[in-house]
Amino acid sequence: MKRTFNFTGRKSIPHDLVSVVVHSGGADGVRSFDMRLGDLSSLGLPAGARIYVEPYVKSSSMRFAFGTVGSVLPPADRSLTEIDEGAGVLFRVLVVDASEKVGRLLALADKVAPSGDEQQRDWVLPLITEDLGEAVWRLDAPDGTQPRLVINSRFPGLKQRLIDDPIMMGAILPVAVRDALRTLRDADDPEAEWVSRWRRYIADVAGQETAERILDNGEDDGPEIEDAISRVCERLIERRRYVSRALKQRETASDA
């Protein structure tokens, strides 16, 4: 369980002292981040105060220890394994007293967006809202153009509910990805940036050979293509751990 902090009397960390970049996916298909911090001691913070970084998307969040004000030390693994997909990640930077009043929050930067980022643009399957009548969601894939995941705007907060709820995301996203993968080889421009993002995503999740089989296999629409698409969806489910994350959310809520 995460520790709680005393927020009394905290200072604000200017956002220009924080620089963060989110990477779309590594070898395992999970996003990661790099962060550089400016001179926090210039805010009058003690050298021994501990730094924590919290990436978050609404109810999903993680916490990374980043050393101290006097010795910033990012962890080797900065994978966003427990952060929901489908929306941009924001970050908090917390500086916490480690000597006199242990746990007292000395300084905070919140809602820090990655540099040059509108992460929804970089996600392979953009998430939008439209009036879909009685349908909960739909894959919008006009011939030859980038597919989009459409959530019904008639139900207030449904898009955010999808982002916040791993079970709902797990029920919808793998199916939407499967349908989207079936449309990729019909792209008007096979060299378009959105096709390249899909190629990188498939390779990250299921390997370069799978990406080539789906995108570069001529006119063959046989069982091999479907097997490759299934492999991507299975790996997506394994990586995102929808049920495990939902169980963790329930456990955290029961402990609150």
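In the block above lies the structure referred to throughout.
Summary of the structure given here. All values derive from a computational prediction rather than experimental measurement.

**Structural notes on the overall build of the protein**
Phase 1: The helix and strand tally for the protein stands at seven helices and 11 strands.
Phase 2: Expressed as a percentage of the 256 residues in the protein, the buried residues total 43%.
Phase 3: Long-range contacts, defined as pairs at least 24 residues apart, comprise 56% of the intrachain contacts of the protein with a sequence gap of at least 6.
Phase 4: Accessible surface for the protein amounts to roughly 13,300 Å². Of this, 49% is attributable to carbon and sulfur atoms.

**Considering the nonpolar core**
Phase 1: Core analysis: the biggest nonpolar cluster contains 67 residues, and I13, F33, M35, L40, V95, L125 and W198 have the highest contact counts within it.
Phase 2: Ignoring anything within four residues of it in the chain, the contact list for L40 reads I13, L17, L45, I51, V69 and V95.
Phase 3: One finds Y52, L94, V96 and L105 within the second-largest nonpolar core, a separate group that totals five residues.

**Some details on the packing of aromatic side chains**
Phase 1: By the definition in use, this model includes four aromatic pairs.
Phase 2: Measuring from ring centre to ring centre gives 5.1 Å for F33 and F91, while their planes differ by 55°; the resulting arrangement is tilted. Here F33, found in strand β3 (residues 32-37), pairs with F91, found in strand β7 (residues 90-96); they are 58 residues apart in sequence, far enough to count as distant. Considered together, F33 and F91 belong to a single accessibility category, that of buried residues.
Phase 3: Members of the aromatic cluster, connected to one another through ring pairs, are F33, F64, F66 and F91.
Phase 4: In this structure, R92 is placed above the aromatic ring of Y56, and the distance from its NZ or CZ to the ring centre is 3.9 Å.

**Some remarks on the pattern of salt bridges**
As a working rule, side chains carrying opposite charge can pair if their charged atoms are close by.
Phase 1: Counting across every chain of the model gives 15 salt bridges.
Phase 2: Of the charged contacts, one joins R213 and E209 as a salt bridge, the two residues approaching to 3.2 Å between their closest N and O atoms. With a gap of four residues between them, R213 and E209 both fall in helix α5 (residues 208-215), about one helical turn apart.
Phase 3: Taking the relative accessible area as the measure of exposure, E209 reaches 56% and is therefore exposed.
Phase 4: Here the salt bridges share partners, and the residues they tie into one network are E54, R63, R92 and D110.

**Side note on the sheet that holds strand β9 (residues 127-130)**
Phase 1: Strand order in this open sheet of three strands is β9-β11-β10, and the pairing throughout is mixed. The open sheet has two free edges, formed respectively by β9 and β10 (137-140), since each of these has just one partner strand. Across the sheet, the mean angle separating the axes of adjacent strands is 35° when strand polarity is ignored.
Phase 2: Judged from the four bridges that link them, β10 and strand β11 (residues 148-152) form a sheet pairing that is antiparallel. Looking at β11, one finds that W137 is bridged to I151.
Phase 3: In the packing of helix α3 (residues 166-181) onto the sheet, the strands contacted are β10 and β11, and the crossing angle to β10 comes to about 25°.

**Side note on α3**
Phase 1: Compared with the 22 Å implied by 1.5 Å per residue over 16 residues, the 22 Å span of α3 between its first and last C-alpha is a close match.
Phase 2: Every buried residue belonging to α3 is among P166, M168, M169, I172, L173, P174, A176, V177, A180 and L181, and all of these are buried.
Phase 3: Sitting at the amino-terminal end of α3 is D165, which places a side-chain oxygen 2.9 Å from the backbone nitrogen of I167.

**Quick look at the packing of helix α4 (residues 193-206) against helix α6 (residues 223-240)**
Phase 1: Their axes nearest at 9 Å, the elements α4 and α6 cross at an angle of 65°. For the element pair α4 / α6, the angle class is roughly perpendicular. Two packed elements cross with a definite hand, and for α4 against α6 that hand is left-handed. On α6, the residues touching Y201, I202, V205 and A206 of α4 are R231, V232, R235 and L236.
Phase 2: Across the contact of α4 with α6, the residue classes tally to six nonpolar, no polar and two charged.

**So, α6**
Phase 1: Here α6 spans 26 Å end to end across 18 residues, near enough to the 26 Å set by a 1.5 Å rise per residue.
Phase 2: Phi turns positive one or two residues past the end of α6, at R241, with a value near 50°.

**Concerning a nonpolar patch on the surface**
Phase 1: Residues I167, V243 and L247 make up a contiguous nonpolar surface patch of roughly 280 Å² in combined accessible area.
Phase 2: Tracing the chain through its elements places I167 in helix α3.
Phase 3: By relative accessible area, which is 44% here, I167 ends up partly exposed.

Procedures and definitions
Residues numbered from 1 in each chain as written. Predicted model: local features only at pLDDT ≥ 70, side-chain atom pairs only at ≥ 80, totals over all residues. Heavy atoms only, no water. Helix = DSSP H or I, 4+ residues; strand = E, 2+ residues; numbered from the N terminus. Buried < 20%, exposed > 50% of the residue type's maximum accessible area, 1.4 Å probe, protein only. Contact = heavy atoms within 4.5 Å. Areas by Shrake-Rupley, 256 points an atom, 1.4 Å probe, with all protein chains shown as cover. Core = buried A, V, L, I, M, F, W, Y, C linked by side-chain atoms within 4.5 Å. Phe/Tyr/Trp six-rings, centres within 6.5 Å; stacked < 30°, edge-to-face > 60°. Lys NZ or Arg CZ within 6 Å of the ring centre and 35° of its normal. Salt bridge = Lys/Arg side-chain N within 4 Å of Asp/Glu carboxyl O. Pairing = 2+ DSSP bridges. Axes fitted to C-alpha atoms, helices over the stretch in contact; angles between N-to-C directions. Expected span 1.5 Å × (residues − 1). Polar contact = N/O pair within 3.5 Å; in protein donor to acceptor, adjacent residues only side chain to side chain. Parallel < 35°, antiparallel > 145°, perpendicular 65-115°, else oblique. Left-handed = near helix turned anticlockwise from the far one by under 90°. Nonpolar A, V, L, I, M, F, W, Y, C, P; charged D, E, K, R; others polar. Patch = residues over 30% accessible without salt bridge, like charges linked within 9 Å, V, L, I, M, F, W, Y side chains within 5 Å.

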